[in-house]
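Listed below, chain by chain, are the residues.
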Amino acid sequence: MDCVKTPTEPPLFSWLAADIADWVQGELVGNIGEPITGFAALNQAEKFQLSFLDDEKHLEELVTSGAGLILISARFDLSNFTNRAFIRVENPRTIVTGK
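Residues numbered from 1 in each chain as written. Predicted model: local features only at pLDDT ≥ 70, side-chain atom pairs only at ≥ 80, totals over all residues. Heavy atoms only, no water.

### Here we look at the overall build of the protein chain
Okay, step 1: A tally of helices and strands in the protein chain yields three helices and five strands.
Okay, step 2: The N-to-C order of helical and strand elements in the protein chain reads α-β-β-β-α-β-β-α.
Okay, step 3: When the 99 residues of the protein chain are sorted by exposure, 34% land in the buried category.
Okay, step 4: A sequence separation of at least 24 residues applies to 28% of the contacts in the protein chain between residues at least 6 apart.
Okay, step 5: When the accessible surface of the protein chain is summed, it comes to about 6,600 Å², and 52% of that surface belongs to carbon and sulfur atoms. (Helix = DSSP H or I, 4+ residues; strand = E, 2+ residues; numbered from the N terminus. Buried < 20%, exposed > 50% of the residue type's maximum accessible area, 1.4 Å probe, protein only. Contact = heavy atoms within 4.5 Å. Areas by Shrake-Rupley, 256 points an atom, 1.4 Å probe, with all protein chains shown as cover.)

Put into structure tokens, the structure is as follows:
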């Protein structure tokens, strides 16, 4: 069986932002209105991908990130990012890594 994925294959998952927020027990801020179909690093994520941010030293990456939805620490001020969708949680890294 060939493990190489082609662009025409359907995504491995497709979740709405509200469903992801419920699953991780986070607060949804904004909404992209389209399903999330993948996960990527903040600096590599695209419109329909989920990413996370838990370290202030990467906060500036929010400006250029293409991520459609971002798991973010509840301690960050999001007032400058009103055109983005976030899920505020206590510890984004724990949700992503399980550690």
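### Let's talk about a nonpolar patch on the surface
Okay, step 1: There is a patch of nonpolar side chains on the surface, built from Phe 13, Trp 15, Trp 23, Phe 39, Ile 95 and Val 96 and spanning about 560 Å² of accessible area.
Okay, step 2: Position of Val 96 among the secondary structure elements: in helix α3 (residues 92–97).
Okay, step 3: A residue is classified by how much of its surface remains accessible, and Val 96, at 33% relative accessible area, is partly exposed. (Patch = residues over 30% accessible without salt bridge, like charges linked within 9 Å, V, L, I, M, F, W, Y side chains within 5 Å. Salt bridge = Lys/Arg side-chain N within 4 Å of Asp/Glu carboxyl O.)

### Some points on the sheet that holds strand β4 (residues 69–73)
Okay, step 1: Strand order in this open sheet of five strands is β1-β5-β4-β3-β2, and the pairing throughout is mixed. Taken across any chain shown, the strands that pair with only one partner, and hence form the sheet edges, are β1 (27–29) and β2 (38–39).
Okay, step 2: Direction of pairing for β2 relative to strand β3 (residues 49–53): parallel, over a ladder of two bridges. By the bridge assignment for β3, Phe 39 is matched with Leu 50. (Pairing = 2+ DSSP bridges.)

### Concerning helix α1 (residues 17–24)
The α-helix advances 3.6 residues per turn, and as a result positions three or four apart in sequence lie on the same side.
Okay, step 1: Among all positions of α1, only Ala 17, Ile 20, Ala 21 and Val 24 are buried. Along the axis of α1, the buried positions cluster into a sector of 100°, meaning they face one direction only. Exposed residues on α1 whose side chains face more than 90 degrees from its buried face are Asp 22 and Trp 23.
Okay, step 2: Just beyond α1, the residue with positive phi is Gln 25, at close to 60°. (Arc of directions from axis to C-beta.)

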